[in-house]
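# What the coordinates show
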Amino acid sequence: MSEGTSIKINYDTPKDVNSKIPSETVVIPILNTPIYPGMIAPVVMSEEKYTSELDDYVSKVGYIALNLIKYREEELEDRDSDEEESEDEKGKKFNPDLEFSGDVFEDESDTKIKAKDLYRVGVICKIVKKLKLPDGSVNLLVHGLKRYRAKKFVSDPKLIIAKPEVYDDILNHDEELDAYTRSVINQVKKLSEINPYFNEEMKLAMLNSPSPGSLADLVAFSLSLDLLEAQDFVETLVVKKRFAKLLVYLRREKDVADIQKKITDEVNDKVNKYQREYYLKEQLKIIRGELGLDDDDKSKEVKRIQAELESRDIPEDVLKVAREELERLQSIPETSPEYNVTRTYLNWIVDLPWDKSSETEIDINEAEKILNKDHYGLEKAKQRILEFLAVRKIKSDYDGTILCLAGPPGVGKTSMGQSIAKALGRKFYRFSLGGMRDEAEIKGHRKTYVGAMPGKLLQALKRVEVNNPVIMLDEIDKLGQSYQGDPASALLEVLDPEQNKTFIDNYLDVPFDLSKVLFIATANYVGEIPEALLDRMELISLSGYTLEEKIMIANKWVIPKQLKKHGITKTDFQLKTTVLKKLIHDYAREAGVRSLEQIIAKLCRIAVLEKVKSKSRKKKKFNPELKDIEKHLGPKRFSSEKLEKSLTPGVVTGLAWTAYGGDILQVESIPLVGKGFKLTGQLGDVMNESANLAYSYVKSILQDETKVVKKVKQKKKEEEEREDFLASHEVHLHLPAGATPKDGPSAGITMALALYSLANNKKIRSTLGMTGELSLTGKVLPVGGIKEKVLAAKRAGLKEIILPFSNKKDLKEVPERHRKGLKFYPVKHFDEVLKIAFPRIKR
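Residues numbered from 1 in each chain as written. Predicted model: local features only at pLDDT ≥ 70, side-chain atom pairs only at ≥ 80, totals over all residues. Heavy atoms only, no water.

### Things to note about unusual backbone geometry
- Phi is positive for Asp509, which is not a glycine, with a value near 60 degrees.
- Structurally, Asp509 is set in the loop between strand E13 (503-504) and strand E14 (511-512).
- For Asp509, a relative accessible area of 51% translates into the label exposed.
- For Asn761, which is not glycine, the phi dihedral falls at a positive 55 degrees.
- Secondary-structure assignment places Asn761 in the loop between helix H26 (748-760) and strand E21 (768-770).
- Given the relative accessible area of 58%, Asn761 is considered exposed. (Helix = DSSP H or I, 4+ residues; strand = E, 2+ residues; numbered from the N terminus. Buried < 20%, exposed > 50% of the residue type's maximum accessible area, 1.4 Å probe, protein only.)

Below, the structure is given as structure tokens:
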């Protein structure tokens, strides 16, 4: 019920009212709020609903019944789903919302409500007055008389007519009823203080109620009861029970009103606080101006930013945007959220190094000393970096290709970037791209978002405070991709010298020149770098360290660093060269030296523990022997493939590249009864294809050889067996170890030779190793990791190595001392492999 609605109560209800109520009465459906006995309220019906039949009945009888509709809107739509609809009724839906203005109920629905849609208990009302409105609708002023129940609905095609059974209130006057009455009145009085619905007119009507039942009905009408609660209250005849329910409803209404008042008070307090602060600040500003005192915080901030903009050499287009934002900042109140957003944006503009650069003078000789001091080996990488620096010295604005240092973990990619920055005399900043999935981390967020900020690149420039640092993009091969965008695509603009001169961050939305920044990327696996990114970078490969290089690095850098870190000296700790070799071979075979550093750190901790435990001041130096290594470090992590003295037919030694360096790989094959080709050894897709290709090629050359044999009519049993070998046998090819994943095409000629050896029942020399990709026509294609594979062959005791002819040039990367004692066979076709493996067989 809306505020200000007048409620009329008729206290002069005739005592013989029951005798005047007709035996049959028409039922008017209503929703939400019933009219209780004793109340007078209007019911408005549309012209379509107030039919001539209804008008005749009202004029003749003068009584109607008001019953609540029991269905909600969604229930009404499906209430007759099992009944057939006429063509005229199809598509019509009942809108159960009754327009309610004061005590006026109006039903604008076009759907005919049936008797089964109504509750049987309602209120019998007498029609006091009928008034026709200008829009054609009819206003019936009704007076609620008694609760009733429809014993039976009379069949009528136009109206809903019920046979009423009228009920009186069940009232027992006792102390409990008085207590209920007083409790309800007290609750209403408390509620009237915070709820405007319970006004003075309502309280007066309550005090003048003729009976406790009328009082209960009046309070219930004033509450916001839902459909089920309202119908339940209509059906409750015992007045005490009615009061008990009212107390529950009133308590709920009181709790809701308290919460509403609390929320309103909090909002008003905040608004008043902000308004008070604003007025006081404005007054303070005027007073300061009159007295000539210092400016307030906002004025100081504006002047500071304005001074920074005027004193810096900022591009004109950026300066124009900054001035517009500064004017906007002056007009925004400090209490507004927009103030902080705009101020932060301007602070970013003035903090960026638009005109600040590192004054550098490149000394090539000094740069070479720095690189040699910080890194041992890696001669090719250092040579390329010196070439790059030399060009920069002659042409300072040289926009060369971005460098990408690629290699296994722990070979010194990050420290190489730091050395380049030191050689250039520039500041260095590194951030990792590993797992980055949101392009906004590169290009920033729009400043309209809450908590928005520029991307990593502009954050880096703000921290180093110069516009020409060395920025390392670490782990560029581990970029992610998600629904939030592709960071690799965002980097295309950053790493393109033709585009990064006008790099636009989403937050600033103005161009910034990144062409003076030297970008150095690092990666472990070049194949994981997107092709478009790789095309913009010059690749410098750091392939890893040899055994001798690792020993030198350990003695020159790793051991002194760990001794200093653990607080001991060379008099307390020593590792022999033989011990270092065993550590590297059995525990730290990775291409880098990170694992070796961890192992030496562990041995340093053991040395410190023994020193602390020792009671004697003259403790013997920690100098472990070979036999002590497993006691300190546990079982060795790596076990090399031992070179067998004699190989069986179908077994060939191949060379493999791993993340830990090179290794030898025994390819095994055996014949089985049946037909087909089986592969095991946890092989990847590429290696599976390579094995099937080798099988097909060997099968084709065996068939060609068989045709030659038939032509010369050599009918030896051995040749006949070879003729049908692959066709009549199942071949099982295995690459140990089975738990290690393997992939790549470099074992192509090795698997093909193993199959050929098995088919011909010929052994391969145990000192012969090989690597190379095989094509379907027998060509031997180039592979990678030649240096690591040659070192592995030398370590395993091989004497001869077959490799692709195109990889012959890669042997120059292998130091002469490691090539000594090895014989290399560069080949172009698999026929050459067969001639080397079987020199006595003429082909």
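There is more to say, and it comes next.
### Examining the sheet that holds strand E12 (residues 470-474)
- One open sheet accounts for five strands, arranged E11-E12-E15-E10-E16; its pairing is parallel. Of all the strands in the sheet, just strand E11 (428-432) and strand E16 (537-541) have a single pairing partner and so form its edges. The average undirected angle you get between the axes of adjacent strands in this sheet is 25 degrees.
- Here E11 pairs with E12 via five bridges, running parallel. Bridge pairing in E12 links Ser432 to Asp474.
- Strands in contact with helix H13 (residues 379-394) are strand E10 (402-406), strand E15 (518-523) and E16; relative to E16, the strand with the most contacts, it is inclined by about 145 degrees.
- Contacting E11, E12 and E15, helix H16 (residues 456-464) runs over the sheet at an angle of about 150 degrees to E11. (Pairing = 2+ DSSP bridges. Axes fitted to C-alpha atoms, helices over the stretch in contact; angles between N-to-C directions. Contact = heavy atoms within 4.5 Å.)

### What to know about the packing of aromatic side chains
- In total, this model carries eight aromatic pairs according to the counting rule given.
- Ring centres 4.8 Å apart and planes at 50 degrees place the aromatic pair Trp354 and Phe512 in the tilted group. Linking Trp354 in the loop between helix H11 (337-351) and helix H12 (364-374) with Phe512 in strand E14, this pair joins segments that are 158 residues apart in sequence.
- With a relative accessible area of 3%, Phe512 lands in the buried category.
- Seen in terms of ring centroids, Tyr756 and Phe838 are 5.8 Å apart; in terms of plane orientation they differ by 40 degrees. Their pairing is tilted. With Tyr756 in helix H26 and Phe838 in the segment after helix H29 (830-837), this pair connects stretches of sequence that are 82 residues apart. The pair formed by Tyr756 and Phe838 is uniform in burial state, with each residue classed as buried.
- Between the NZ or CZ atom of Lys70 and the centre of the ring of Tyr119, over which it lies, the distance is 5.8 Å. (Phe/Tyr/Trp six-rings, centres within 6.5 Å; stacked < 30°, edge-to-face > 60°. Lys NZ or Arg CZ within 6 Å of the ring centre and 35° of its normal.)

### Some remarks on helix H5 (residues 200-207)
- Of the residues making up H5, those classed as buried are Met202, Ala205 and Met206. Burial along H5 is one-sided: seen end-on, the buried residues are contained in an arc of 100 degrees. Exposed and facing more than 90 degrees away from the buried side of H5 are Glu200, Leu204 and Leu207.
- Elements that come into contact with the buried residues of H5 comprise helix H4 (175-192) and helix H6 (212-222). (Arc of directions from axis to C-beta.)

### So, the packing of helix H10 (residues 316-331) against H11
- Remark: H10 packs on H11, axes separated minimally by 10 Å, with the N-to-C direction vectors making an angle of 150 degrees. Judged on the interaxial angle alone, H11 and H10 are roughly antiparallel. Crossing hand, H10 versus H11: left-handed. Residues Val318, Val321, Ala322, Glu325, Leu326, Arg328 and Leu329 of H10 touch H11, and the partners they reach there are Glu338, Tyr339, Thr342, Arg343, Tyr345, Leu346 and Ile349.
- Classifying every residue of the contact of H10 with H11 by side-chain character gives nine nonpolar, one polar and four charged. (Parallel < 35°, antiparallel > 145°, perpendicular 65-115°, else oblique. Left-handed = near helix turned anticlockwise from the far one by under 90°. Nonpolar A, V, L, I, M, F, W, Y, C, P; charged D, E, K, R; others polar.)

### Some remarks on the packing of H26 against H29
- Where H26 meets H29, the axes come as close as 11 Å, and the angle between the chain directions of the two elements is 55 degrees. On the basis of the axis angle, H26 is oblique to H29. Of the two elements, H26 crosses H29, and the hand of that crossing is right-handed. From H26, Ile749, Ala752, Leu753 and Tyr756 reach across to H29, where they touch Phe830, Val833, Leu834 and Ala837.
- Its residues placed into classes, the contact of H26 with H29 shows eight nonpolar, no polar and no charged.

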